[in-house]
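# Observations on the model geometry
As a plain string of letters, each chain reads:
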Amino acid sequence: MKKVKIITIILAIVLVSLVAFGGVYIQTQNRMEDKVKEYSLGRELNGERVVEIKVTDGSTEGKTKPSDEELTVENYETVKKTVENRLKDLGAQDYTISLDKENGTIRVELPENSNTDTYVYYLTASGKVEMKEKDTENVLLNDSMIKKAQYTYTSNADGAYQVYLELILTKDGQAKLDEVKNDYAVLATEVSEAESKNNTTSDNTTTESSTDEDNTTTNTTTEGTETQKSEETKKIASLTIAGTSYDIEKYEKNKITVKIGSQTSNTTTVNNSIAKAAELSMLINAGKYPIDYEVDVNRYVESDIEQQQLIYFIAGVAVILVIIFIIATIKYKGKGLLASISFIGFIALTSLLLRYTNVIISIEGIGAILLTIIINLKLNQMILNKTKTMDVVSEATKASYKELFTSIIPIIIITIVFCFSGWTSLSSFGMIMFWGLVLIAVYNIVVTKTLLKLKESK
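Everything quoted here is computed from the prediction, not taken from an experiment.

## Observations regarding the overall build of the protein chain
- A tally of helices and strands in the protein chain yields 13 helices and 19 strands.
- Taking 458 residues into account, the globule formula puts the C-alpha radius of gyration at 23 Å, and the protein chain, at 34 Å, lies well above it.
- Dimensions of the protein chain, computed from C-alpha atoms along their principal axes, come out at roughly 135 × 60 × 50 Å.
- A total of 458 residues make up the protein chain; the buried ones form 38% of that total.
- Counted over contacts in the protein chain with a minimum sequence separation of 6, partners at least 24 positions apart contribute 72%.
- For the protein chain, the computed accessible surface area is about 25,800 Å², with 54% contributed by carbon and sulfur atoms.
- Mean positive and mean negative side-chain charge positions of the protein chain (49 and 59 charges, respectively) differ by 21 Å.

Here it is as structure tokens:
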């Protein structure tokens with residue numbers, strides 16, 4: 001029975017190792033695709049995307065060339081801060097941003113991965129909010145009067161959903177809205193009514209001609225037309241966000257509620273509307289672009305460390321570990337062999353853990369991986385040594401844990417500090433060490449200790 005348990009645990013370790021080191025391949029269309037998540041490699045290991053955005057010269061559609069008065073360092077700094085906020089909100093990691101204060105060019109260095117093109121798009125995407133008088137350039141309300149944005153949705157009894165974007169106004173925005181709503185049709189219902197009235201007035205205007213005795217022709221309008229003209233028609237206010245016009249559902253003292261999409265029960269359409277509302281909310285909340293920018297440079301830069309070098313390094317570490325496992329097996333016999341097999345499972349689980357916790361692996365992160373392996377080797381050696389003198393695995397494990405984790409308290413403190421570092425290299429080291437230490441503490445109690453106890457009781 002004990003042999004069966006040992007074999008079962010070993011087979012489980014083999015399975016996890018095959019998944020971690022070999023992958024899980026499933027046929028997708030006409031090809032086999034590995035479904036195991038890739039590592040998140042830092043820019044030093046996987047190459048980077050270098051993007052430079054510059055102040056637009058007006059040649060790009062939808063972009064307006066700024067005036068000389070707008071070309072200030074203050075505006076450049078505002079755009080740089082907005083870019084930082086957008087990348088942060090998008091969850092980008094391991095990037096650097098620099099500003100040329102002479103001409104306003106902003107250089108962004110991003111890791112090359114599946115999200116990079118999305119990040120590049122949002123570097124210059126418009127988030128401008130404007131309310132203008134329809135068919136004129138008269139600006140009634142602009143994005144400097146918007147404090148923040150948030151999105152929500154409602155549903156009715158039939159299961160139809162409507163998505164909304166809520167624009168929270170500043171005090172100046174509230175005062176301006178109070179002025180605008182008195183003279184302009186703002187709500188979607190008011191706009192429809194005003195447009196209908198204007199169309200009716202245009203259609204009902206007729207001209208009657210009459211000739212008097214002196215053959216003089218005079219033009220008169222019908223009575224209905226005079227009534228239409230006497231009625232005052234509100235001018236129409238049009239709201240645009242990121243260059244697209246949206247209907248206003250309602251307004252309150254400090255909030256404008258905007259309809260995103262139409263009311264529908266189609267799940268795909270609702271999700272698309274929510275995604276659009278979330279995007280607009282992010283763009284507005286990230287900050288303002290007082291001047292328009294456009295992409296000037298967008299190129300991939302290869303890493304100085306070649307993939308072949310990484311393969312040689314990993315192979316070297318693997319050879320050293322195999323030698324250590326052979327020595328442990330010779331010295332500690334069956335227990336040494338089981339501890340070595342358990343160690344392979346530890347490395348496999350560490351591999352999967354780093355992939356699915358989205359930890360960025362930098363050069364410093366590789367150092368953390370090696371340190372984690374060394375600490376786990378030391379713990380295994382201590383347990384095996386103590387089983388010779390104590391002859392009881394449980395006691396040997398307990399004593400080894402106490403001795404090891406007491407001695408690495410400085411490393412634990414450094415790990416915690418680095419986890420909260422804003423510098424990606426230090427954060428990479430800290431997060432990898434954190435997950436490595438957690439796995440060392442849990443894995444060796446659950447797997448290594450269990451295997452050794454089963455061997456001990458045979």
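Once you've had a look at it, read on.
## Regarding the sheet that holds strand 6 (residues 106-111)
- Across the sheet, four strands lie side by side as 5-6-4-18; this open sheet has antiparallel pairing. The open sheet terminates on both sides in strands that have one partner only, identified here as strand 5 (96-99) and strand 18 (293-301). Within this sheet the neighbouring strands show an average axis-to-axis angle of 15°, counted without direction.
- The pairing of strand 4 (residues 48-55) with strand 6 spans six bridges and is classified as antiparallel. Looking across to strand 6, one finds that Val51 is bridged to Val108.
- Relative to strand 5, helix 3 (residues 73-89) is tilted by about 170°, and along the sheet it contacts strand 4, strand 5, strand 6 and strand 18.
- Strand contacts of helix 4 (residues 116-124): strand 4, strand 6 and strand 18, with the helix running at about 10° to strand 4, the strand carrying the most contacts.

## Considering the sheet that holds strand 9 (residues 146-155)
- Strand order in the open sheet made by the four strands is 9-10-17-16, with antiparallel pairing throughout. Looking at the sheet topology across the chains shown, the edges are occupied by strand 9 and strand 16 (248-251). In this sheet, adjacent strand axes meet at a mean angle of 20° when their direction is disregarded.
- Sheet topology places strand 10 (residues 161-169) next to strand 17 (residues 255-264); seven bridges connect them, and they run antiparallel. Note that in strand 17 the partner of Ile168 across the bridge is Lys255.
- Relative to the sheet, helix 5 (residues 171-183) contacts strand 10, strand 16 and strand 17, its axis offset from that of strand 10 by approximately 115°.

## Quick notes on the packing of aromatic side chains
- Scanning all chains against the criterion turns up nine aromatic pairs.
- Aromatic side chains Phe418 and Phe429 sit 5.8 Å apart centroid to centroid with 70° between the ring planes, which places their arrangement in the edge-to-face category. With a gap of eleven residues between them, Phe418 in helix 12 (residues 409-419) and Phe429 in helix 13 (residues 424-456) connect regions that are remote in the sequence.
- What makes Phe418 partly exposed here is its relative accessible area of 22%.

Thresholds applied
- Residues numbered from 1 in each chain as written.
- Predicted model: local features only at pLDDT ≥ 70, side-chain atom pairs only at ≥ 80, totals over all residues.
- Heavy atoms only, no water.
- Helix = DSSP H or I, 4+ residues; strand = E, 2+ residues; numbered from the N terminus.
- Rg over C-alpha atoms; globule rule 2.2 N^0.38 Å.
- Buried < 20%, exposed > 50% of the residue type's maximum accessible area, 1.4 Å probe, protein only.
- Contact = heavy atoms within 4.5 Å.
- Areas by Shrake-Rupley, 256 points an atom, 1.4 Å probe, with all protein chains shown as cover.
- Lys, Arg positive; Asp, Glu negative; His and termini not counted.
- Charge placed at Lys NZ, Arg CZ, Asp CG, Glu CD.
- Pairing = 2+ DSSP bridges.
- Axes fitted to C-alpha atoms, helices over the stretch in contact; angles between N-to-C directions.
- Phe/Tyr/Trp six-rings, centres within 6.5 Å; stacked < 30°, edge-to-face > 60°.

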